[in-house]
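Geometric and topological summary
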Amino acid sequence: MMKAQTARQLRKLHQYVGLFFTPAILFFAFSGALQTIGLHENHDGGPPPSGWIRWMASVHKDQRLLRPTPDEAAPRPPRQQGEDHAPPEHRDEGPSPIPMKAFVVLLSLGLIASSLLGVTIALTNRTLRKYNVIALALGTLVPVALLFI
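Predicted model only: the values in this text are computed from it and were never measured.

Before going further, it helps to spend a moment on the environment of Thr120. Mapped onto the elements, Thr120 comes out in helix α4 (residues 98–123). In this structure the side chain of Thr120 is engaged in a polar contact, spanning 2.8 Å, whose partner is the backbone oxygen of Leu116.

This brings us to the nonpolar core. Listed in full, the seven residues of the largest apolar core are Phe27, Leu34, Ile53, Met56, Val59, Leu65 and Leu147. Of all elements in the fold, only α1 (4–36) and α2 (52–62) reach the threshold of two or more residues within this core. With three residues, the top contributor of residues to this core is α2. Once you skip the residues sitting within four places of it in the chain, Val59 turns out to touch Phe27, Phe28, Arg64, Leu65 and Leu147. Val119, Ala122, Ala135 and Leu136 belong to the second largest nonpolar core, which has five residues in total.

Okay, the side chain of Thr22 next. The topology assignment puts Thr22 in helix α1. Those residues within four positions of Thr22 in sequence are excluded, and the remaining contacts are Ser115, Val119 and Leu136.

Positive phi is not limited to glycine here, since Gln63 has a value of about 55°. Along the chain, the position of Gln63 falls in the loop between α2 and α3 (70–73).

What follows concerns the packing of α1 against α4. Running from N to C, α1 and α4 cross one another at 155°; their axes reach a closest spacing of 9 Å. The orientation of α1 relative to α4 falls into the category roughly antiparallel. In this structure, α1 meets α4 at a crossing whose hand is left-handed. Of the residues in α4, those touching α1 at Gln15, Leu19, Thr22, Ile25, Leu26, Ala29, Phe30, Ala33 and Thr36 are Lys101, Val104, Val105, Ser108, Leu111, Ile112, Ser115, Leu116, Val119 and Ala122. Taken together, the residues of the contact of α1 with α4 break down into 13 nonpolar, five polar and one charged.

Let's shift gears to the packing of α1 against α2. Put simply, α1 and α2 touch, their axes get as near as 9 Å, and they point 110° apart. Classified by the angle between their axes, α1 and α2 sit roughly perpendicular to one another. Along this stretch, α1 crosses α2, giving a crossing that reads as left-handed. Judged by residue contacts, Phe27, Phe28, Phe30, Ser31, Gly32, Leu34 and Gln35 of α1 engage Trp52, Ile53, Trp55, Met56, Ala57, Val59, His60 and Lys61 from α2. For the contact of α1 with α2, the per-class residue count stands at 10 nonpolar, four polar and one charged.

Definitions and limits used
Residues numbered from 1 in each chain as written. Predicted model: local features only at pLDDT ≥ 70, side-chain atom pairs only at ≥ 80, totals over all residues. Heavy atoms only, no water. Helix = DSSP H or I, 4+ residues; strand = E, 2+ residues; numbered from the N terminus. Polar contact = N/O pair within 3.5 Å; in protein donor to acceptor, adjacent residues only side chain to side chain. Core = buried A, V, L, I, M, F, W, Y, C linked by side-chain atoms within 4.5 Å. Buried < 20%, exposed > 50% of the residue type's maximum accessible area, 1.4 Å probe, protein only. Contact = heavy atoms within 4.5 Å. Axes fitted to C-alpha atoms, helices over the stretch in contact; angles between N-to-C directions. Parallel < 35°, antiparallel > 145°, perpendicular 65-115°, else oblique. Left-handed = near helix turned anticlockwise from the far one by under 90°. Nonpolar A, V, L, I, M, F, W, Y, C, P; charged D, E, K, R; others polar.

What follows is the structure, given as structure tokens:
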């Protein structure tokens, strides 16, 4: 059996680690859900989507800020009628990916909800609120700073 003091220290450590990583968990869960349903991809032969979804996908997939490449500026040939836009490796005739994609999106939503509940619970603790806010702020600032190094 664990001593009460050890259990309290472990709970406090769990709280700080959880708060530090919560911003990243929220970011990756949300951007992962967007990628699971394919919002970060080009679906019509035109240029890839622009804006925040593309930026999030770049950070999620490549761990770097979005940087345009020379080939992105070049016009793409229009698709021929009936041409499948999926690369050949994605055209297999296996089971439908839709059930697993639905599960992954639900998983992302559950992770987001659980993380937000954890932050809410942590911030209601008045005695540790200052340290909890510091852990949460560092968990936001550190990864943003790492993107610019």
